[in-house]
Amino acid sequence: MPRHPLSGATAIVGLGITPQGKVYGNTPVGFAVDAVRLALEDAGLERTDLDGLLLNPGLAWNDLGMGSFQLQQAMGLRDLRLSATMGLGGATASAMIQHAAQAIAAGLCTTVACIFSDAPLKPPTADRERTSSASAYGFVRGWEAAYGYFGVNAMYALVARRHMFRYGTTQDHLGAVAVAQRRWANLNPHAQMYDQPLTLEDYHRSRWVVEPFHLFDCCLVSNGGLAVIVTGADRARDLRRPPVYIRGMAQGHLGGDPSDTLSSGAVLTRGPALAMAGVTLRDVDVVELYDCYTFTVVVTLEDYGFCAKGEGGPFATENVTGPGGRLAVNTGGGQLSSFYMWGMTPVSEAVIQVRGNGGRRQVAKHDVALVSGNGGVLSTHSTLVLAREPT
Amino acid sequence: MSTYTKPLPQMTPEMAPFWEAARRHELVVQRCRGCGTPRFPARDICSRCLSREAEWAPVSGRGTVFSYTVMHQIYHPAFAAEVPYAVIVVELEEGARLLSNLVGCPVGDIAPGMPVEAVFEDVTPEVTLPKFRPRARR
């Protein structure tokens, strides 16, 4: 079978991660600028090398009324050939990289920065000691507020409950995902939960947010910025870092009611993305899944076919997906235990692993990484297959 | 003067017939004139047949719990005394799914499939909230 023209044609050559978490005194634009600067430095490129800018603005950008073209001005970039503000929620990061790769492979531009940044957390004040994601993500939604129904946590909880009802997924299953990822985070000094071990008992004792989600079922809403630089394979080989080739890609957006489908768009992307990459699931060494909630990991494991539909709960036990297990999933601790930069979190950890820069958490064989992004409530989905070699 | 401090539903033009019926202690849902699909909340366009024609139709108020979540986190101060409380999705006998609260049932006893029926809570002189309570299985 002839190779797909996009497969291995481009690579991620730069990764920029600003400080993450309860980081105050910077703005969404400031985080974006810092992330791009770090990514260019990582790649050994200059600002003038960029001719494409793709932006996924986080929630705090809403107040700024800015998109990619205003960010271009703020960053002093000239003569761009690709610019877009993209909004597919958590699927945006991998989708931006796909659009960058497509434009570069088609010869429309050469070097694209893909950016996510956000600053939803406010510093603690005297009357409000704890900063929580409630203020950032607990937005009131019209008439539903009359029933005390607020925010994304509750929206996802209704879907998770259906999965539990239909497939027998248990609280222990969700807890196993949280524990496995925490064990990875305990090996990652950059993770916010690095020095905080978590047992299943700790998980069950943690406070409820909205049932069936405990505190440790929910991602760590973070301030920060994250950028990657994508360029053509030929140019990538001459740069500072080993290229992380973009071997396969696909998007899949199911539509309908997620309470009925109980699936992510991975069911649509797995075939085409793996085929483009010329690999099968068995060739995948590292799996970086979008994990806004533990539940999302359960569903996504099912939908990529790592286990049968409905068996993601039993599958996602500590011994399988944690350090030393047979499937390395969310090796940096993920959004649950490291930091939440929407879809950029799984992308960045895949780049680190494929490069072999994972330190104590480095997976021994790291030729092929599978990356997922998910937006809305299982509404949008994007998949990347990243690899050490272009073919 | 009302002392009710929780958020009240905005009387948007699309949803006004729902709240007006609730005030009369009647439950109605929007129904597409093109294909007959019942839907909630109100929308301009039917996602099934793309018709813009719709009517409001009375429904029995009987259904089952399709899904639920128990809210522990306080997102609004007026709910502070209420947590933990249940937000449910009811699947009505007529087919539409409504978001509401379950009352008269300990949160630990809720399960998908549980039969429920509508009750009407007059929270202010102008606003009535349809909610649901358990009903005997027939």
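All values reported here derive from a predicted model rather than from experimental measurement.

Counting its regular elements, chain B contains one helix and eight strands. Each helix and strand of chain B, ordered N terminal to C terminal, gives the series α-β-β-β-β-β-β-β-β. Whereas a compact globule of 138 residues would reach a radius of gyration of roughly 14 Å, chain B reaches 16 Å, a difference of no more than 12%. C-alpha extents for chain B along the principal axes are approximately 45 × 40 × 25 Å. Here chain B, with 138 residues, has 31% of them falling under the buried criterion. For chain B, the proportion of contacts with a sequence separation of at least 24, taken over those separated by at least 6, is 50%.

Turning next to the sheet that holds strand S3 (residues 82–85) of chain A. Residue and element names in this part refer to chain A. Strand order in the open sheet made by the 10 strands is S3-S2-S4-S7-S1-S8-S12-S11-S9-S10, with mixed pairing throughout. Among the strands making up the open sheet, the edge pair consists of S3 and strand S10 (328–329). Sitting on the sheet, helix H2 (residues 68–75) is in contact with strand S2 (52–57) and S3, with an inclination near 115 degrees to S2.

Glancing now at the sheet that holds strand S2 (residues 38–39) of chain B. Residue and element names in this part refer to chain B. Pairing is antiparallel across the open sheet formed by three strands, whose spatial order is S2-S1-S3. Each end of this open sheet is capped by a strand with a single partner; those strands are S2 and strand S3 (54–58). Bridging between strand S1 (residues 28–32) and S2 involves two bridges; their strand directions are antiparallel. Considered in S2, the bridge of Gln30 is made with Arg39.

With that out of the way, let us pick up the packing of helix H1 (residues 28–43) of chain A against H2(A). All names here are of chain A. Interhelical geometry of H1 versus H2 gives an angle of 65 degrees and a closest axis separation of 11 Å. As far as their axial angle goes, H2 and H1 are roughly perpendicular. The interaxial crossing formed by H1 with H2 has right-handed handedness. Between H1 and H2, the contacting residues are Val29, Ala32, Val33 and Val36 on the first element and Leu71, Ala74 and Met75 on the second. For the contact of H1 with H2, the class distribution of residues is seven nonpolar, no polar and no charged.

Next up on the list: the interface of chain B and chain A. Buried accessible area, meaning the area lost when the parts come together, often serves as the stated size of an interface. Between chain B and chain A, the residue contacts involve 25 residues of the former and 25 residues of the latter. If you list the elements that add at least two residues to the side of chain B that touches chain A, you get strand S4 (62–71), strand S5 (85–92) and strand S6 (97–101) of chain B. Broken down by element, the residue count for the side of chain B that touches chain A peaks at five residues, all from S4(B). Grouping the amino acids of the side of chain B that touches chain A by side-chain chemistry returns 15 nonpolar, eight polar and two charged. Both strand S5 (residues 208–211) of chain A and S4(B) contribute to a ladder of two bridges, which runs antiparallel. By the bridge assignment for S4(B), A:Val210 is matched with B:Met71.

For any part of a model where pLDDT is low, the fine detail of the predicted coordinates should not be relied upon. Confidence along chain A averages 95 in pLDDT terms, with 95% of residues attaining 70 or more. Contacts of residues 129–134 of chain A to residues separated by more than four positions or lying in other chains number nine contacts, the stretch itself having pLDDT below 50.

Moving on: the environment of A:Ile352. Residues and elements named next belong to chain A. Within the fold, Ile352 resides in helix H15 (residues 344–355). C-alpha separation for the pair Ile352 and Ala91, spaced 261 residues apart in sequence, amounts to 20 Å. Not counting residues within four places of it along the chain, the set of residues in contact with Ile352 comprises Asn357 and Gly358.

This brings us to the nonpolar core. Residues and elements named next belong to chain A. Ile97, Cys114, Val228 and Leu386 are the most contacted members of the largest nonpolar core, which totals 154 residues. Among the elements that line this core, the one with the most residues is H1, at nine residues. Each residue touching Leu386, except ones within four places of it in the same chain, is listed here: Ile12, Val244, Tyr245, Ile246, Arg247, Ala350, Val351, Val354, Ala369 and Val371.

Position of B:Glu126 relative to the elements: it lies in the loop between strand S7 (115–122) and strand S8 (128–134). Sequence spacing of B:Glu126 and B:Trp19 is 107 residues, and the spatial spacing of their C-alpha atoms is 9.3 Å.

Turning next to the packing of helix H10 (residues 266–277) of chain A against helix H11 (residues 294–304) of chain A. Residue and element names in this part refer to chain A. Across the interface, H10 lies against H11 with an axial gap of 8 Å and an inter-helix angle of 45 degrees. Taken together, H10 and H11 sit at an angle that is classed as oblique. Classified by chirality, the crossing of H11 by H10 is right-handed. Between H10, through Ala266, Val267 and Arg270, and H11, the contact on the second element is made entirely by Thr300, Asp303 and Tyr304. Residue composition of the contact of H10 with H11, by class: three nonpolar, one polar and two charged.

About the criteria used
Residues numbered from 1 in each chain as written. Chains lettered and ligands numbered in written order. Predicted model: local features only at pLDDT ≥ 70, side-chain atom pairs only at ≥ 80, totals over all residues. Helix = DSSP H or I, 4+ residues; strand = E, 2+ residues; numbered from the N terminus. Rg over C-alpha atoms; globule rule 2.2 N^0.38 Å. Buried ≥ 20, exposed ≤ 12 C-beta atoms within 10 Å, placed from the backbone. Contact = placed C-beta atoms within 7 Å. Pairing = 2+ DSSP bridges. Axes fitted to C-alpha atoms, helices over the stretch in contact; angles between N-to-C directions. Parallel < 35°, antiparallel > 145°, perpendicular 65-115°, else oblique. Left-handed = near helix turned anticlockwise from the far one by under 90°. Nonpolar A, V, L, I, M, F, W, Y, C, P; charged D, E, K, R; others polar. pLDDT = per-residue confidence, 0-100. Core = buried A, V, L, I, M, F, W, Y, C linked by C-beta atoms within 7 Å.

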